[in-house]
Amino acid sequence: MSLPEKAFPVSWDQFHRDARALAWRLAGANKGQWKAIVCITRGGLVPAAIISRELGIRVIETVCVASYHDYTSQGQLQVLKEITPALLADDGAGVLIIDDLTDTGKTAGIVRAIMPKAHFATVYAKPKGRPLVDTFVTEVSQDTWIYFPWDMGFTYQKPIADDHAG
Ligand SMILES: O=P(O)(O)OC[C@H]1O[C@H](OP(=O)(O)OP(=O)(O)O)[C@H](O)[C@@H]1O
Ligand code: HPA
Ligand SMILES: [Mg+2]
């Protein structure tokens, strides 16, 4: 996979606002009654913390999936830790699955197959993954890479005019 053309950098403030916006949407779904959150590590850990606080959900489980091994190239998907059988009853009905984003939809597809009746929510979605999520906040194009605040640091920025000088 080559480097996506466009960049969508997200600050901590923006991520907090967007995750809270997701919580607002989820508050109106399933009558606000969730048995538990299942967060897809590692990216789902941060939004899961914010959503669990906003919705008062105190049972948090993880499913550990790894796919992007070196930056933007996706390898074989590996489930490193599975979901506790207690939450798999009734195909995951009443369970809220949280991830930071869906891109190709492969990760979402794997977790959905484990809990087909669970509600799948992400903060961001790209078009290929969008049909697999029930609730999300912001869609970005498929050729955009989302830069999360936990992957970034401060760097010098060239003035915009430098790239437009003739
Ligand atoms: O829709 P897909 O194409 O499957 O991509 C989306 C997944 O990719 C990233 O996780 P990654 O596997 O890189 O692991 P991480 O969360 O530990 O960073 C992201 O957090 C999603 O879980
Ligand atoms: O756009 C992205 N940003 C960060 N991680 C990702 N994993 C898949 N797609 C992305
Ligand atoms: Mg992930």
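Cut-off values and rules
- Residues numbered from 1 in each chain as written.
- Chains lettered and ligands numbered in written order.
- Predicted model: local features only at pLDDT ≥ 70, side-chain atom pairs only at ≥ 80, totals over all residues.
- Heavy atoms only, no water.
- UniProt positions renumbered as here; feature names shortened; annotations may be inferred.
- Helix = DSSP H or I, 4+ residues; strand = E, 2+ residues; numbered from the N terminus.
- Expected span 1.5 Å × (residues − 1).
- Buried < 20%, exposed > 50% of the residue type's maximum accessible area, 1.4 Å probe, protein only.
- Arc of directions from axis to C-beta.
- Contact = heavy atoms within 4.5 Å.
- Core = buried A, V, L, I, M, F, W, Y, C linked by side-chain atoms within 4.5 Å.
- Pairing = 2+ DSSP bridges.
- Right-handed = clockwise from strand over helix to strand, strands pointing away.

In the nomenclature of an unreviewed UniProt entry, the chain is known as Xanthine-guanine phosphoribosyltransferase of Mesorhizobium sangaii. The record in UniProt for the chain states the following under Sequence similarities (unreviewed entry): "Belongs to the purine/pyrimidine phosphoribosyltransferase family. XGPT subfamily." Its UniProt record, at the heading Cofactor (unreviewed entry), says of the chain: "Mg(2+)".

## Description of helix 1 (residues 12-27)
An α-helix turns once per 3.6 residues; consequently, residues spaced three or four apart project the same way. With 16 residues, helix 1 should cover 22 Å at 1.5 Å per step; its first-to-last C-alpha distance of 22 Å lies within 8% of that length. Considered for burial, the residues of helix 1 that qualify are Phe15, Asp18, Ala19, Leu22, Ala23 and Leu26. All buried residues of helix 1 lie within an arc of 150° about the axis, which places them on one face of the element. In helix 1, the exposed residues that point more than 90 degrees away from the buried face are Asp13, Arg17 and Trp24. Against the buried residues of helix 1 lie helix 2 (45-55), strand 5 (95-102) and strand 6 (119-125).

## A short note on the nonpolar core
Note that soluble globular proteins tend to have their nonpolar side chains buried in a common cluster. In terms of nonpolar packing, the biggest core is built from 24 residues, with Phe15, Ile37, Ile51, Leu96, Ile98 and Tyr124 touching the most fellow members. Of all the elements in the fold, those that place two or more residues in this core are helix 1, strand 2 (36-41), helix 2, strand 5 and strand 6. The dominant element in this core, judged by the number of residues it contributes, is helix 1, at five residues. Those residues in contact with Tyr124, other than ones at most four positions away along the chain, are Phe8, Val10, Gln14, Phe15, Asp18, Asp100, Leu101, Thr102, Thr138, Ile146 and Phe148. Core analysis: the next-biggest nonpolar cluster, separate from the first, contains 18 residues, Ala36, Val63, Ile97 and Ala118 among them.

## Thoughts on the pairing of strand 6
Taking burial as the measure, the seven residues of strand 6 include seven buried ones, the bulk of the element. Note that strand 5 and strand 6 share six bridges and pair parallel. Across the sheet, the residue bridging to Ile98 is Ala121, located in strand 6. For the segment spanning strand 5, helix 3 (residues 106-114) and strand 6, crossover handedness is right-handed.

## Remarks on unusual backbone geometry
For the bond running from Thr41 to Arg42, omega is -5°, close enough to zero to count as cis. Locating Arg42 in the fold gives a position in the loop between strand 2 and helix 2. The backbone phi angle of Asp90 is positive, close to 55°, even though this residue is not glycine. In this fold, Asp90 is placed in the loop between strand 4 (73-81) and strand 5. For Asp90, a relative accessible area of 48% puts it in the partly exposed group. Its identity is not glycine, yet Asp91 carries a phi of approximately 55°, on the positive side. Tracing the chain through its elements places Asp91 in the loop between strand 4 and strand 5. Using a relative accessible area of 37% as the deciding quantity, one classes Asp91 as partly exposed.

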